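Commentary on secondary and tertiary structure
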Amino acid sequence: MDNITADYVVVGGGLTGCVVASRLRQRNGQPSVILLEAGLDPSGNPAAAGLLGGLSLQGGELDYAYQSDPEPNTVNRVHTLNAGKVLGGGSILNYGGWLRADAADYNDWAEIVADHRWSYQGLKPWFRKTERYADPQADPDERGFDGAMHISPISASESGERKYPLREHTKRAWLELGVPENTRRKNGSTRGLAEMVENSHKGMRQPAQASYPLDGVQILLQTLVQRVTFSGSVATGVELADGCIISARKEVILCAGAYRTPQLLMLSGIGPRGLLSELGIAVRHDSPYVGQNLHDHFAIYLAFRLRDSTAGYAMGSSLWNPGLCKTLPWDWVVSEPLPAELMSKHGIKAEQERNLWEAITLYVPPGIPGIPIDGSHIATSTMLLRPTSRGKVSIRSNSISDPPRIEPNYLSTALDRDTLVHATRETLKALSTGAMRPIIESETPPSGPGLDGLTPLTADAPDETIEERIRRTGMQHHHSGGTAAMGRVVDTEGNVIGVHQLRIADASIIPIPLGGHPQASLYAMAEQIDSFI
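Residues numbered from 1 in each chain as written. Predicted model: local features only at pLDDT ≥ 70, side-chain atom pairs only at ≥ 80, totals over all residues. Heavy atoms only, no water.

Focus: the overall build of the chain
The helix and strand inventory of the chain stands at 13 helices and 25 strands. Taking 24 Å as the expected radius of gyration for a compact globule of 533 residues, we find that the chain reaches 23 Å, a close match to that expectation. Expressed along its principal axes, the backbone C-alpha trace of the chain runs to roughly 70 × 45 × 45 Å. In the chain, buried positions account for 60% of the 533 residues. Restricting the contact set of the chain to residue pairs at least 6 apart, pairs at least 24 apart contribute 72%. Working note: accessible area of the chain is about 19,700 Å², and carbon and sulfur atoms make up 48% of it. If the 49 positive side-chain charges of the chain are averaged to one point and the 59 negative ones to another, these points end up 2 Å apart. (Helix = DSSP H or I, 4+ residues; strand = E, 2+ residues; numbered from the N terminus. Rg over C-alpha atoms; globule rule 2.2 N^0.38 Å. Buried < 20%, exposed > 50% of the residue type's maximum accessible area, 1.4 Å probe, protein only. Contact = heavy atoms within 4.5 Å. Areas by Shrake-Rupley, 256 points an atom, 1.4 Å probe, with all protein chains shown as cover. Lys, Arg positive; Asp, Glu negative; His and termini not counted. Charge placed at Lys NZ, Arg CZ, Asp CG, Glu CD.)

Some points on the UniProt feature "binding site: FAD" (unreviewed entry) in the chain
Sequence positions flagged by UniProt for "binding site: FAD" (unreviewed entry) are, in local numbering, V86, V225, P518 and Q519. With the annotated positions falling across 434 residues, the maximum pairwise C-alpha distance of 25.3 Å shows that they are not confined to a single cluster. With respect to the secondary-structure elements, P518 resides in helix α13 (residues 518-532). According to the relative accessible area criterion, P518 is partly exposed, its value standing at 25%. Among the secondary structure elements, Q519 is positioned in helix α13. Accessibility expressed as a relative area gives 5% for Q519, which makes it buried. If near-sequence neighbours (up to four positions away) are discounted, Q519 is found in contact with L15, N94, G96, G97, W98 and N199. Side chain to side chain, Q519 and N94 meet in a polar contact 3.3 Å long. (UniProt positions renumbered as here; feature names shortened; annotations may be inferred. Polar contact = N/O pair within 3.5 Å; in protein donor to acceptor, adjacent residues only side chain to side chain.)

Brief notes about helix α4 (residues 103-113)
Of all the 11 residues making up α4, 8 are buried; the element is thus mostly covered by neighbouring parts of the structure. Burial in α4 covers these residues: A103, A104, D105, Y106, D108, W109, A110 and V113. Its side-chain oxygen placed 2.9 Å from the backbone nitrogen of A104, D102 serves as the N-cap of α4. Trailing α4 by a residue or two, A114 shows a phi angle of about 55°, which is positive.

Things to note about the nonpolar core
Formed by 145 residues in total, the largest nonpolar core has its most connected members in L36, W109, W118, V238, L265, I378 and L502. When residues of this core are assigned to their parent elements, the largest contribution, 8 residues, is made by α13. In contact with V238, other than residues within four places in its own chain, are V9, V11, L36, V225, R227, V228, T229, C244, I245, I246 and V252. (Core = buried A, V, L, I, M, F, W, Y, C linked by side-chain atoms within 4.5 Å.)

Observations regarding unusual backbone geometry
Phi is positive for Q30, close to 45°, though the residue is something other than glycine. Looking at where Q30 falls in the secondary structure, it is placed in the loop between α1 (15-25) and β2 (33-36). Located in the positive-phi region is N409, a residue other than glycine, with phi close to 60°. Along the chain, the position of N409 falls in the loop between β22 (405-407) and α11 (414-430). What makes N409 partly exposed here is its relative accessible area of 29%.

Concerning the environment of R417
With respect to the helices, strands and loops of the structure, R417 is situated in helix α11. According to the relative accessible area criterion, R417 is partly exposed, its value standing at 23%. The sequence separation of R417 and T388 amounts to 29 residues, and the corresponding C-alpha distance is 9.9 Å. For R417, the contacting residues outside a window of four places in its chain are L411, S412, E467 and R471.

Re the UniProt feature "domain: Glucose-methanol-choline oxidoreductase N-terminal" (unreviewed entry) in the chain
Sequence positions flagged by UniProt for "domain: Glucose-methanol-choline oxidoreductase N-terminal" (unreviewed entry) are, in local numbering, residues 84-107 and 257-271. The distance from the first to the last C-alpha atom of residues 84-107 is 29 Å, and the span holds 38% helix and 0% strand. Secondary structure across residues 257-271 divides into 73% helix and 13% strand, with the first and last C-alpha atoms of the span separated by 16 Å.

Structure below.
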């Protein structure tokens, strides 16, 4: 490949990279933009068109499927960390959940970095800009109606025809436990029971590269970037793995994600001095926090056996309506704080109360080992929203061809362990309430290698039993971030501290875990970062 030049070079054609490249190219004067992506174009892959395709795409050619170091806190298991190696990135692999974090989460972000633009009110215009919300009764101060992403609550999906047989039972179960209903989510509050919200259009996936047109952007696929090039402290472009140089007249913008962006920084000489020197990498800027602060949403899936597997309650039953699974079959989501006694135990004051866990009911067991998809089981996902455990990403060598080293450090704090044990117990309670008892027979433990000896969980199981299950079967939910944190590695406009004309616009800059599911926040974040360029 000949060396080429553009105004802007965007590294990483994932969700945020597509947004940034698209918006830059649409500007007055149509600046030249080169988008570099290590993976393929997914348009020829039929599994990439539908949201349920995520079940089959993970672990395939469109997925980096990074392997973590053995994690001591989860019985030394090696975790597979899914990340899109494809144009569109995670928007090709995800299941379409469009759940913002609670307003308080964004306000905490803004307070940490001392910049109101990252508060809920500061981000709200960008949230609205991304959305084409399906419910015309939605509050126009909270929702957008002209954006690129078609957004719909379950009740408005498929012209209101998407009604799951257990929808009302599930709702009553959580209300029976005292969880407040919160369908409108006024003022950005997500606490309580709300409908699942998705970004799908007529049941089909909306990948970033299609929703944000890349007309006029020069896209180079299957292109690995080895490092950012510099003249002094000014970024001038990138060097590819094959030695070719791509030059940037104005800026280099990294959108390679929470694992690859810190790797690229370190390979470019921006990172912890000791590690770089050890690997023979010239230090451009000593930035000890590069790769630190890795956070993710850790969760546990539970499967529940139905008393009548022929009733059509779950995907795989002969009576199941195929129209209910154009996207992932789910309907309600619960977001809740801890009870007062647990808050007090961990020194959390009333004014510090936040939603710390989430539970979702699924009418299909999503790849739980040993659980068949034959209509006999429904499932739940119970997830930490604001974990306090932090891991790190580092490098094994001075070559981009070697995957980054990832040490997740899940469940390393007592607060995280107590929160997920409590949340799992609440989920078990919900599935054994009066609303669900006639339908659910019992929880069914997963089975397979390394899972011997597991027994069904009940709501009155000891904490130690629930914690053991979490350690043996829990997994992250592919919501990683924080490894080039704002306020430490980048400033509040995404500029890398210590150098010039190098910016980051991906999940690695988000300094704290946010509740909800990340794509809604990432699209808004990318729109705002683009406005700073």
